[in-house]
Amino acid sequence: MFRPHPLLGLAAAALVATTVATAAPGLARTPAPQPEYTITVDPAAAGTPISDSMYGVFFEDINFAADGGLYAELVRNRSFEFGPADNRSYTPLTGWTPTADAGGTGTASTADDAARLHERNRTYLRLDLDNPGGGGRYGVTNAGFTTGIALRAGGAYDFSVWARTDAAAGTPLTVTLHDAAGRPLAAPLTRAVRGDRWTKYTGTLKATRSTDAGRLSVRAGGTGVLRLDMVSLFPRDTFRKRPNGLRRDLAEKIAALKPGFVRFPGGCLVNTGSMSGYDAASNWPRARSYQWKDTVGPVETRATNANFWGYNQSYGLGYYEYFQFAEDIGAMPLPVVPALVTGCGQNQATADEALLQRHIADTLDLIEFANGPASSTWGRLRASMGHPRPFGLTHLAVGNEENLPDAYFANFQRFRAAIEAAHPGITVIGNSGPDDAGATFDRLWQLNRDAGVDMVDEHYYNSPAWFLQNTTRYDSYDRAGPKVFLGEYASQGNKLANSLAEAAYLTGLERNADVVRMASYAPLLANVDNVQWRPDLIWFDNDESWGSTSYQVQKLFMNNVGDRTVPSRVTGPSTAPTPITGGIGLSTWATSATYDDVRVTTPDGTVLFADDFSAGADAWTPLANRGSWSVVDGAYTQSDTGAQDTLVRAADVTASDYDLTLKARKNAGAEGFLVAFGVKDSGNFYWWNLGGWNNTQGAVEKATNGAKETLVAKPNRITTGTTYDVRVQVRGTKVTLFLDGQEWASFTDDRVTRTFTQVVTRDDATGELIVKVVNAQDRPAVTRVDLGGLRVRDRARMTVITGDPGEQNTRSAEPIQPATRTVGGIAGTFTRTFAPNSVTFLRIRTK
């Protein structure tokens, strides 16, 4: 009898056996299930070559992904540069605690004066020591990132510090690793600091115990003033043993994906924040846009900067390290430089011509840093850092998610012209804004297309339903137009259901590999204790890491791309769209607003619901339990300007054709108002968001199981105190929106949901067909596979990812893992049952 492989769950067992009916002699034969789906392959037709860089990774310093993450430094705020510009709670001593032993005394403070280590590394620690007897010691203790410093028993940890002292006899310095109770974790390291000039002192500590909650203390004896800066502790065991290197487990997980490119350093990190240069008063480089020159050279000379995501970035992980990492894992480097037009909700374009010219010049210098000979100015710096050979940069992106399309594109064209004139071999990538559709998206695509841009970067984060409904998105793209770089995408969630929807979408990307040349899930990394964005591909704490379910799916696709598609098609059932029905709703976001005269009527005028609030608001039910709703002067008002997502619901519209009308007024706050329809519950609805994104944009968003996608988007502002007439006209799946009697926008939500998708590719090196099937539904899919007359081996290597769609991988357990085994029953035509909620790859050898 058939026995499932021990790595496969019961749900996957059906995948292993073909659906050939068998029976013992003399017993009735059980009819084989009839195929519900048919995959037909046309091996004689010309396929589409798939780029070696089809799939890559996108690294941004979000979720503490760099300091405290991929960058292996174990000391937090090593150079005492934290401050309110990074986070209002930060000071230069954040992460540090004054400490003493053996009765030592002194004071610890920070200074920014002429005694600093470097012009761009300004703040340092000042210890005023008062230990004349010589026995006591005073200093500071650092607990690392989040829960402590992670140490492995027997591991070597390289310590370094820059120091200077005004004590004529020198200052004895003791460095210890210990736990929170003071118990030692390594033999102490001692050094004598001599002279009042900055000098680097180094040493190695060897851990005697493993822990994730270690502490590093640096204490000094004697008297006088001791100055310290760049207090650093690195594990010797970094990725590829590189100094100033990367945390090995995280780098190895990224390398295991076999990415074709690494996009860096962002993201919103690149083009947001202040666009000014150095502050005129202090020459201080804080809180400005990301500039690559701040991130190269010796680490003690690099600036730190305020991170867009609410913390400090040290730039110890800089452009040299990014290029080196890409080379180490065999990936193409793809840097992104700021276009001097901010995105990510800030929406500001520079008016400083000199600043724009400097950034263009800096970008040309960046290309020289990557590709120039060691005799060139910036190539010489690269060589001095340890890489005389050029890195071989071929692609560079300008800008990220700009929401001012014309201003952005004007700047982009100036970058592009300068780059192409000086370095004609570089592909300059434009972008299409922050959404998958809308006025900004359309305008930027038009501008890129008209200008003959080679490649356009698209970004979107949508619900799983969106991905299942858009697997054919790129089927209709212009084959002669710019190619697509899908630089950021993810389904909103980290469960297997999200990963299945993404997998279905990836089959569409591969079918359209002639249009979509590169794609990267985003974001890449997240510290589980410091999260600014979800979902994420790889999660970690200070000593462990684990791949999400999407990591496992991405790895399966990225390790089994193939060299070209083999044309194929699938037939079978799909989910048809349904009319937009359900309740109606009112909401606000950080805004006080008033609603009145709410009516729902059929096209012939029949009233389905009406409320003028003259009798109160008993018809309305809170769904979000936020905000302060009350009837004021005969109208319904939400008065809390701090509350977000204050959705209340009424009615239950079952008609497929209806009109929702109401009056709305903004009273105060940051945004406008939200009018909901098709409301099923708090996680499933449509709403018209007027004055959203800090009163810069209007949009229709669709929420599916809590995840939102944008259906319509365009610039929009709502004026405080003005009463607006709002009308939502629903006709089945088509919605037309009217504001003050004028048509504002329309959309049709009639997309077919495809829960069963496939693509076939060929691996030229092995001669294998790779049949990739996604069954993102709760029932098995009996499928006939017709290989178009190909002669194939009767056994194939099969890899399956399957499980409960609500399951996710966490720190405590990683239940969603791929299982690989050899299966039989393969022929020119064969039948296979694909398990519910599964991704299956069959590598079939041809004869």
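First, a word on scope: everything that follows refers to the structure included in this document. (Residues numbered from 1 in each chain as written. Predicted model: local features only at pLDDT ≥ 70, side-chain atom pairs only at ≥ 80, totals over all residues. Heavy atoms only, no water.)

## Things to note about the overall build of the protein
Part 1 of the reasoning: Along its length, the protein carries twelve helices and 49 strands.
Part 2 of the reasoning: If one aligns the C-alpha atoms of the protein with their principal axes, the spans along those axes are about 95 × 80 × 60 Å.
Part 3 of the reasoning: Buried residues in the protein amount to 58% of all 847 residues.
Part 4 of the reasoning: Summing over all exposed atoms, the protein offers an accessible surface of approximately 31400 Å²; the carbon and sulfur share of this is 49%. (Helix = DSSP H or I, 4+ residues; strand = E, 2+ residues; numbered from the N terminus. Buried < 20%, exposed > 50% of the residue type's maximum accessible area, 1.4 Å probe, protein only. Areas by Shrake-Rupley, 256 points an atom, 1.4 Å probe, with all protein chains shown as cover.)

## Quick look at the sheet that holds strand S27 (residues 568-571)
Part 1 of the reasoning: Strand order in the open sheet made by the four strands is S27-S1-S45-S48, with mixed pairing throughout. Across the chains shown, the open sheet's two edge strands, defined by having one partner strand only, are S27 and strand S48 (829-834). Strand-to-strand, the axes of this sheet are offset by a mean angle of 20°, without reference to chain direction.
Part 2 of the reasoning: Pairing of strand S1 (residues 37-41) with S27, which is carried by four bridges, proceeds in the antiparallel orientation. Counterpart to Thr 40 in the pairing with S27 is Arg 569. (Pairing = 2+ DSSP bridges. Axes fitted to C-alpha atoms, helices over the stretch in contact; angles between N-to-C directions.)

## Digging into a positive patch on the surface
Part 1 of the reasoning: Together, Arg 791, Arg 793, Arg 845 and Lys 847 line one region of the surface with positive charge.
Part 2 of the reasoning: Checked against the element boundaries, Arg 791 lands in the loop between strand S45 (781-786) and strand S46 (792-802). (Patch = residues over 30% accessible without salt bridge, like charges linked within 9 Å, V, L, I, M, F, W, Y side chains within 5 Å. Salt bridge = Lys/Arg side-chain N within 4 Å of Asp/Glu carboxyl O. Lys, Arg positive; Asp, Glu negative; His and termini not counted. Charge placed at Lys NZ, Arg CZ, Asp CG, Glu CD.)

## Comments concerning the packing of helix H5 (residues 353-371) against helix H7 (residues 405-422)
When two helices pack together, you describe them by how their axes are tilted relative to each other and by the distance separating the axes.
Part 1 of the reasoning: One can describe the packing of H5 onto H7 by two numbers: an axis separation of 10 Å at closest approach and a directional angle of 35°. Read as a crossing pair, H5 and H7 show a hand that is right-handed. Along the contact surface, H5 presents Glu 353, Leu 356, Gln 357, His 359, Ile 360, Thr 363, Leu 364 and Ile 367, while H7 presents Asn 411, Arg 414, Phe 415, Ala 418, Ile 419 and Ala 422.
Part 2 of the reasoning: Its residues assigned to classes, the contact of H5 with H7 comprises eight nonpolar, four polar and two charged. (Left-handed = near helix turned anticlockwise from the far one by under 90°. Contact = heavy atoms within 4.5 Å. Nonpolar A, V, L, I, M, F, W, Y, C, P; charged D, E, K, R; others polar.)

## Describing the sheet that holds strand S11 (residues 199-206)
The pairing of strands in a sheet happens through backbone hydrogen bonds and is either parallel or antiparallel.
Part 1 of the reasoning: Here we have five strands laid out as an open sheet, ordered S4-S5-S13-S8-S11, and antiparallel in their pairing. Where the open sheet ends on each side, the last strands, each with one partner, are strand S4 (106-111) and S11. Between one strand and the next, the sheet's axes are offset by a mean angle of 30°, whatever the strand orientation.
Part 2 of the reasoning: Direction of pairing for strand S8 (residues 156-165) relative to strand S13 (residues 222-235): antiparallel, over a ladder of eight bridges. Residue pairing across strands places Arg 164 opposite Arg 227, the latter belonging to S13.

## What to know about the pairing of strand S37 (residues 684-691)
Part 1 of the reasoning: Burial analysis of S37 places eight of its eight residues in the buried class, the great majority of the element.
Part 2 of the reasoning: In this structure, the hairpin formed by strand S36 (residues 673-681) and S37 is closed by a connection of two residues.
Part 3 of the reasoning: Where S37 and strand S38 (residues 697-704) come together, five bridges link them in antiparallel fashion. Within S38, the position partnered with Asn 689 by the bridge is Ala 699.

## Let's talk about the environment of Ala 108
Part 1 of the reasoning: Structurally, Ala 108 can be placed in strand S4.
Part 2 of the reasoning: Taking the C-alpha atoms as reference points, Ala 108 and Pro 579, 471 residues apart in sequence, are found 68 Å from one another.
Part 3 of the reasoning: Leave out the neighbours within four places in its chain, and Ala 108 touches Leu 93, Pro 98, Leu 125, Arg 126, Leu 127, Tyr 138 and Val 140.

## Regarding the side chain of Thr 591
Part 1 of the reasoning: The residue Thr 591 is located in strand S29 (residues 591-601) in this model.
Part 2 of the reasoning: With relative accessibility at 0%, the residue Thr 591 sits in the buried group.
Part 3 of the reasoning: In terms of polar contacts, Thr 591 uses its side chain to reach the backbone carbonyl oxygen of Trp 589, at 2.9 Å.
Part 4 of the reasoning: Those residues within four positions of Thr 591 in sequence are excluded, and the remaining contacts are Gln 638, Asp 640, Thr 641, Ala 643, Lys 666, Ala 668, Gly 669, Ala 670, Glu 671 and Gly 672. (Polar contact = N/O pair within 3.5 Å; in protein donor to acceptor, adjacent residues only side chain to side chain.)

## A word on unusual backbone geometry
Part 1 of the reasoning: Cis peptide bonds are those with omega within 30 degrees of zero, and the linkage from Gly 266 to Gly 267 qualifies with 10°.
Part 2 of the reasoning: As for its placement among the helices and strands, Gly 267 is situated in the loop between strand S14 (261-264) and helix H3 (268-271).
Part 3 of the reasoning: Omega for the peptide link from Arg 534 to Pro 535 comes to 0°, which places this bond in the cis form.
Part 4 of the reasoning: Note that Pro 535 resides in the loop between strand S23 (525-527) and strand S24 (538-540).
Part 5 of the reasoning: The phi dihedral of Phe 64 falls on the positive side, at around 55°, and the residue is not glycine.
Part 6 of the reasoning: Considering the arrangement of structural elements, one finds Phe 64 in the loop between strand S2 (57-58) and strand S3 (96-101).
Part 7 of the reasoning: The class for Phe 64 is buried, based on a relative accessible area of 9%.
Part 8 of the reasoning: Residue Arg 240 is not a glycine yet carries a positive backbone phi of 60°.
Part 9 of the reasoning: Relative to the helices and strands, Arg 240 resides in the loop between S13 and helix H2 (248-256).

## Considering H7
Part 1 of the reasoning: With 18 residues, H7 extends 26 Å from end C-alpha to end C-alpha; this agrees with the ideal 26 Å at 1.5 Å per step.
Part 2 of the reasoning: Every buried residue belonging to H7 is among Pro 405, Tyr 408, Phe 409, Asn 411, Phe 412, Phe 415, Arg 416 and Ile 419, and all of these are buried. Looking straight down H7, one finds that the buried residues subtend no more than 165° of arc, so they occupy a single side.
Part 3 of the reasoning: On its buried face, H7 sits against strand S17 (332-337), H5, strand S18 (395-398), strand S19 (427-431) and helix H8 (439-450). (Expected span 1.5 Å × (residues − 1). Arc of directions from axis to C-beta.)

## Some details on the environment of Arg 754
Part 1 of the reasoning: Here Arg 754 shows up in the loop between strand S42 (742-748) and strand S43 (756-763).
Part 2 of the reasoning: By relative accessible area, which is 29% here, Arg 754 ends up partly exposed.
Part 3 of the reasoning: When the C-alpha positions of Arg 754 and Asn 775 are compared, they lie 9.2 Å apart, and in sequence the two are 21 residues distant.
Part 4 of the reasoning: Beyond its immediate chain neighbours, meaning those up to four positions away, Arg 754 contacts Leu 468, Thr 471 and Thr 472.

## Describing the pattern of salt bridges
Part 1 of the reasoning: Scanning all chains against the criterion turns up 46 salt bridges.
Part 2 of the reasoning: Salt-bridge contacts for Arg 263 lead to Asp 457; the nearest nitrogen and oxygen are separated by 3.6 Å. Of this pair, Arg 263 sits in strand S14 while Asp 457 sits in strand S20 (residues 455-462); the two residues are 194 residues apart in sequence, bridging distant segments of the chain.
Part 3 of the reasoning: Judged by relative accessible area, which is 0%, Arg 263 ranks as buried.
Part 4 of the reasoning: Here Asp 362 ties to Arg 358 by a salt bridge, and the two come within 3.0 Å at their closest N and O atoms. Residue Asp 362 and its partner Arg 358 are located together in helix H5, separated by four residues, close to a single helical turn.
Part 5 of the reasoning: The structure contains a network of salt bridges with shared partners spanning Asp 112, Arg 116, Glu 119 and Arg 122.

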